[in-house]
Every structure is written in structure tokens, then in C-alpha cells.
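Structural characterization, general
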Amino acid sequence: METQVITTVKEWVKAAAVEDFPQNGGAAVLINGEQIAVFNFTNEGRWYATQNRCPHKGEMAISRGLTGDSDGLHKVACPFHKKTFSLEDGKCLTDEGYQLKTYPVKIEDGFVYVGIE
Ligand code: FES
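Here the structure is a predicted model, which means the values were calculated and not measured.

About the cut-offs
- Each chain carries its own residue numbering, running from 1 in the written order of its sequence.
- Reporting of local features is limited, given that this is a predicted model, to residues whose pLDDT is at least 70; pairs of side-chain atoms are given and counted only at 80 or more, and all residues count toward the totals for whole chains, interfaces and linings.
- Working from all heavy atoms in the structure, the side-chain values ignore hydrogens and water.
- Secondary structure is summarised from DSSP: a helix means a run of H or I of at least four residues, a strand means a run of E of at least two, and numbering begins at the N terminus for each.
- Here a polar contact is taken to be a pair of N or O atoms separated by no more than 3.5 Å, where protein atoms must pair a possible hydrogen donor with a possible acceptor and residues adjacent in sequence count only if both atoms sit in side chains.
- Residue contacts follow a heavy-atom distance rule, with two residues in contact if any of their heavy atoms lie within 4.5 Å.
- Geometry of aromatic contacts follows a simple scheme: Phe, Tyr and Trp rings, the Trp one being its six-membered ring, pair when their centres are within 6.5 Å, and the pair is stacked under 30 degrees between planes, edge-to-face over 60, tilted otherwise.
- Partly exposed residues are those whose accessible area sits between 20% and 50% of the maximum for their type, while under 20% is buried and over 50% is exposed, using a 1.4 Å probe and protein chains only.
- Definition used: whenever NZ (Lys) or CZ (Arg) falls within 6 Å of the ring centre and also within 35 degrees of the ring normal, the charge is taken to sit over that ring.
- Two strands are counted as paired when DSSP detects at least two bridges linking them.
- UniProt positions are given in the numbering used here, feature names are shortened, and annotations may be inferred rather than shown by experiment.
- All axes are obtained by fitting lines to C-alpha atoms, using only the stretch in contact for helices, and the reported angles, taken between N-to-C directions, cover 0 to 180 degrees.
- Put simply, a salt bridge is a Lys or Arg side-chain nitrogen that is within 4 Å of an Asp or Glu carboxyl oxygen.

Overview of the side chain of Gln 51
Here Gln 51 lies in strand E4 (residues 46–51). Polar contacts involving the side chain of Gln 51 include one to the main-chain carbonyl oxygen of Arg 53, which spans 2.7 Å. Reaching out from Gln 51, the side chain makes a polar contact with the backbone nitrogen of Lys 101 at a distance of 2.9 Å. In this structure, Gln 51 is in contact with Glu 34, Gln 35, Ala 37, Ile 62, Gln 99, Leu 100, Lys 101 and Tyr 103, ignoring residues within four places of it in sequence.

And the structure:
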């Protein structure tokens, strides 16, 4: 499957206030009709955003996945069948056939913004 990395941001959409997201966890937001999973790695000051729909069986569950890292690579495991994705580029680390769409994230004035192409 092709890697979907957004390179051109057309619009930064305000998702929510920083404090609305759990520390070292994820939450889903609705942006332009699409559920997007936003992850806050509080300890490292890193944020990520991906599609919330798992490409395996279509469950809206990525934001509720177990997060972690291996060798500095932040990742999330879907709670349904544990397919694990890199949060850097959305690649499935356990099955090459799956890919998450990723979005850039920025923090400004206490709010989280997601970049939409
Ligand atoms: S629905 Fe996510 S791993 Fe199966």
C-alpha cells in the first residue's frame, strides 16, 4: 500500500485546547467530517495525528489504542486486533498491507491544530 504523507498544509484546523487531551494518550476529534486521532506524548513534548479509522476492519478505534515506543519510534496498537502503526508515518509495523493517514500537528497559544491538505 502507498504511503500517505501530507506534505502541503492548506489549512490548520483548531482541534481543541491542549488540556482537553489526555497526557501520554490519545483522543479523537472531528475535523471536516473526519474522525482524527490526536496523540499527546507529554513526556517528550511530541504530538501526532492520524486517521481514527483502523484500516484493518474499519473500527473507529485508533485514538483508544495502546501507545508506546521502540527505539524512539512512537507507535500505537489498535485495541481490536493489535495491528501496530508508526505514528511518524502511519506505516503498519505488523502487517505491510495497512497504512494510516497522518497529519501534521502544531501547538499555538494553548490550542492543538491539525494540518489538513
Ligand atoms: S480493526 Fe484495528 S486491528 Fe483490526
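Here we look at the packing of aromatic side chains
Under the counting rule described, the total for this entry stands at two aromatic pairs. Considering the side-chain rings of Phe 21 and Trp 47, the 5.6 Å spacing of their centres and the 90 degrees angle between planes classify their relative orientation as edge-to-face. One end of the pair, Phe 21, is in the loop between strand E1 (11–17) and strand E2 (25–31); the other, Trp 47, is in strand E4, and 26 residues separate them in sequence. For Phe 21, a relative accessible area of 5% gives the class buried. Lying across the ring of Phe 111, Lys 14 places its NZ or CZ 4.1 Å from the centre.

Quick notes on the pairing of strand E5 (residues 66–70)
Bridge analysis of E5 against strand E6 (residues 73–77) gives five bridges, and the strand direction is antiparallel. Directly across from Leu 66, in E6, lies its bridge partner Ala 77. The antiparallel pairing of E5 with E6 creates a hairpin that spans two residues between the two strands, and Asp 71 there sits at a positive phi of about 55 degrees.

Describing the sheet that holds E4
Strand pairing in a sheet is mediated by backbone hydrogen bonds. Such pairs are either parallel or antiparallel. Here we have four strands laid out as an open sheet, ordered E2-E3-E4-E8, and antiparallel in their pairing. Each of the sheet's edge strands pairs with one partner strand only, and the pair in question is E2 and strand E8 (102–103). Bridge analysis of E4 against E8 gives two bridges, and the strand direction is antiparallel. Among the inter-strand pairings, Ala 49 is bridged to a residue of E8, identified as Tyr 103.

Side note on the UniProt feature "domain: Rieske" (unreviewed entry) in the protein
Within this numbering scheme, the UniProt entry marks residues 13–114 as carrying the feature "domain: Rieske" (unreviewed entry). In residues 13–114, the share of helix is 0% and the share of strand is 48%. The end C-alpha atoms are 5 Å apart.

Side note on the sheet that holds strand E7 (residues 84–86)
Strand order in the open sheet made by the three strands is E5-E6-E7, with antiparallel pairing throughout. Where the open sheet ends on each side, the last strands, each with one partner, are E5 and E7. Each strand axis lies, on average, 30 degrees off the axis of its neighbour in the sheet, ignoring direction.

Regarding the pattern of salt bridges
Taken as a whole, this structure holds five salt bridges when the rule is applied. Measuring nitrogen to oxygen at the nearest pair gives 3.8 Å for the salt bridge that ties Arg 46 to Glu 88. With Arg 46 in strand E4 and Glu 88 in the loop between E7 and E8, this residue pair connects regions lying 42 residues apart in the sequence. Classification of Arg 46 by relative accessible area gives partly exposed; the value is 36%. Among the residues examined, Glu 88 registers a relative accessible area of 37% and is labelled partly exposed.

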